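Results of the structural survey
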Amino acid sequence: MIVLGIESSCDDTGAAVLRDGRELSNVVASQEAVHQPFGGVVPELAARNHILHIVPVIERALEHAGVTLADVDGIAATRGPGLVGSLLVGLCTAKAIARRRGVPFVGVNHIEGHLLSIELEGPLERPFLGLVVSGGHSALYWAAADGSYAVLGQTRDDAAGEAFDKAAKLLGLGYPGGRAMEEAARGGNPDAMRLPRPRVKGAELDLSFSGLKTALWQGLERNRDLPLADVAASFQRAIVDTLVEAVRRAIAGTGATRIVVTGGVSANGPLRDAMARMAAEEGATLLVPPLKRCTDNAAMIAYAGWRRLARGESDPLTLNAVAELPLGPRRQCGELRG
Ligand code: KG4
Ligand code: ZN
């Protein structure tokens, strides 16, 4: 079965082709340069640029895969969560192709795409504990079985990637900030600036990053002469520690032995290293996607869609884009057993 996947939830336009769940092509057109001057994604500009990129990106994905639209057996596109104007471009294009070709269409949850991006490397057993950390999301999930997810905890304010982006802006590192911060932090002393490891009282698996940004600002006021590398390394370490300890608490609560860490922030080297150390200490297996599949891409959407299409499922062409799309109900660790 040949599946075309389309992703346009934020500022990357992606198209990918899979054959029986294996990647044949995965094309992403980045809008980084468009949003750079604003230090963040401007939704209206993102939607307009998706319109410019979507058809050439699909054409390139088909060409790289060595197939044509006539070979495609099913179409998957992200339906949420994300920016509605952006989502609509990919979703409407997918539905139009499905209608014209008379092939089934499925709408995919972007977060499920991130979690399943690991499976493009090989089979992933359930249950697993998943941490999705990106520019728009920071949450912990329990994947009990195929297609069955619960939310164990989520950020109360900023996402981890958003915290990186805002801090990078404060430090004049440009947008997107995560990668720039990682580079700036190289060789820096992570203990140079004292920053908090935020916890949410009474909700052990929830996260909060907005205070960290304020603490960084105050720290900069107090230590004006600290080298940039030390500041960046200290901020990065605070985020890494906070995420690692949240996953450690989730392992204790769920008894998970398989941990998936994914989303744009999972491209961060120090985060990957620290998660690997923690997983080894806890006797768990850590799975992280290769770098190219950490950030938004369409292969992960095509994959999540293919699993449903292969079971004979499809969605009606009336399916709409949604900004908020929870992957599952909120659960406490104690409710998962039995
Ligand atoms: O998954 P993604 O491409 O888009 C969303 O769904 O949000 O994630 C983008 C986020 C941005 O906030 C970016 O700063 C962050 O991922 N990011 C990183 C790194 N590379 C990307 N954060 C930390 N370290 C990195 N190397
Ligand atoms: Zn994403």
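Use the structure listed above.
In short, a report on the structure. (Residues numbered from 1 in each chain as written. Chains lettered and ligands numbered in written order. Predicted model: local features only at pLDDT ≥ 70, side-chain atom pairs only at ≥ 80, totals over all residues. Heavy atoms only, no water.)

1. Focus: the overall build of the protein chain
Summing up its helical and strand segments, the protein chain has 10 helices and 10 strands in all. Relative to the 2.2 N^0.38 estimate, which gives 20 Å for 338 residues, the radius of gyration of the protein chain is 20 Å and therefore close to what a compact globule would have. When the backbone C-alpha atoms are referred to their principal axes, the protein chain occupies close to 65 × 50 × 30 Å. Each of the 338 residues in the protein chain was classed as buried or not, and the buried ones make up 55%. (Helix = DSSP H or I, 4+ residues; strand = E, 2+ residues; numbered from the N terminus. Rg over C-alpha atoms; globule rule 2.2 N^0.38 Å. Buried < 20%, exposed > 50% of the residue type's maximum accessible area, 1.4 Å probe, protein only.)

2. Digging into the coordination of the zinc ion (ligand 2)
Coordination angles at a metal have ideal targets, namely 109.5 degrees for four tetrahedral donors and 90 or 180 degrees for six octahedral donors. Donor atoms from the polypeptide that bind the zinc ion (ligand 2) are His-110 (NE2), His-114 (NE2) and Asp-296 (OD), placed at 2.0 to 2.1 Å. For the zinc ion (ligand 2), the four donor atoms in the first shell make angles of 94 to 149 degrees at the metal, so the coordination geometry reads as irregular. Considered as a linear motif, the donors of the zinc ion (ligand 2) on their single chain read H-x3-H-x181-D. Remark: Asp-296 occurs in the loop between strand S10 (285–287) and helix H10 (299–310) and His-110 occurs in helix H4 (residues 110–116); sequence separation between them is 186 residues. Take His-110 and Asp-296: they sit in the same class, and that class is buried. (Donors = N, O, S within 2.8 Å, 3.2 Å for Na, K, Ca; no water. Tetrahedral: all angles 85-135°; square planar, octahedral: opposite > 155°, others 65-115°.)

3. Remarks on the nonpolar core
One finds Leu-129, Leu-140, Phe-235, Ile-239, Leu-243, Val-247 and Met-275 to be the most contacted residues of the largest nonpolar core, which totals 48 residues. Other than its neighbours up to four places away in sequence, Phe-235 contacts Ala-163, Phe-164, Ala-167, Met-181, Leu-195, Leu-212, Lys-213 and Leu-216. With 30 residues, the next largest nonpolar core counts Val-106, Ala-143, Tyr-149 and Tyr-303 among its residues. (Core = buried A, V, L, I, M, F, W, Y, C linked by side-chain atoms within 4.5 Å. Contact = heavy atoms within 4.5 Å.)

4. Section: the site of ligand 1
Residues in close proximity to ligand 1 total 19 residues, the closest being Gly-135, Asp-165, Gly-178, Glu-182 and Asp-296. In the model, an oxygen atom of ligand 1 is placed 2.6 Å from a nitrogen or oxygen of the Asp-165 side chain. Here an oxygen atom of ligand 1 and a backbone polar atom of Gly-264 are 3.0 Å apart. For ligand 1, the protein covers 91% of the area, taking 550 Å² as the surface of the free molecule. Elements supplying a minimum of two residues to the shell around ligand 1: H4, helix H5 (160–170) and helix H6 (177–185). (Near = heavy atom within 4 Å. Polar contact = N/O pair within 3.5 Å; in protein donor to acceptor, adjacent residues only side chain to side chain. Areas by Shrake-Rupley, 256 points an atom, 1.4 Å probe, with all protein chains shown as cover.)

5. Section: the packing of H5 against helix H7 (residues 210–222)
Across the interface, H5 lies against H7 with an axial gap of 10 Å and an inter-helix angle of 20 degrees. Accordingly, the angle class assigned to the pair H5 and H7 is roughly parallel. Once H5 is placed against H7, the crossing between them reads as right-handed. When H5 is examined against H7, the residues Lys-166, Ala-167 and Leu-170 are found in contact with a partner set consisting of Lys-213, Leu-216, Trp-217 and Leu-220. Here the contact of H5 with H7 is built from residues that sort into five nonpolar, no polar and two charged. (Axes fitted to C-alpha atoms, helices over the stretch in contact; angles between N-to-C directions. Parallel < 35°, antiparallel > 145°, perpendicular 65-115°, else oblique. Left-handed = near helix turned anticlockwise from the far one by under 90°. Nonpolar A, V, L, I, M, F, W, Y, C, P; charged D, E, K, R; others polar.)

6. Considering the pairing of strand S2 (residues 12–19)
In terms of burial, S2 is a largely internal element, seven of the eight residues being buried. Alignment of strand S1 (residues 2–7) against S2, held across six bridges, turns out to be antiparallel. In the sheet register, Glu-7 faces S2, and the bridge partner there is Gly-14. If you look at the hairpin formed by S1 and S2, you'll find four residues sitting between the two strands. Bridging between S2 and strand S3 (residues 22–30) involves eight bridges; their strand directions are antiparallel. Bridge pairing links Gly-14 to Val-28 in S3. Turn length for the S2-S3 hairpin, with the two strands adjacent in sequence and antiparallel, is two residues, and the turn residue Asp-20 shows positive phi of about 50 degrees. (Pairing = 2+ DSSP bridges.)

7. Thoughts on H6
Within H6, burial applies to Gly-177, Ala-180, Met-181, Glu-182, Ala-184 and Ala-185. Packing partners of the buried residues in H6 comprise H5, helix H8 (228–254) and helix H9 (269–282). One or two positions beyond H6, positive phi appears at Gly-187, with a value near 80 degrees.

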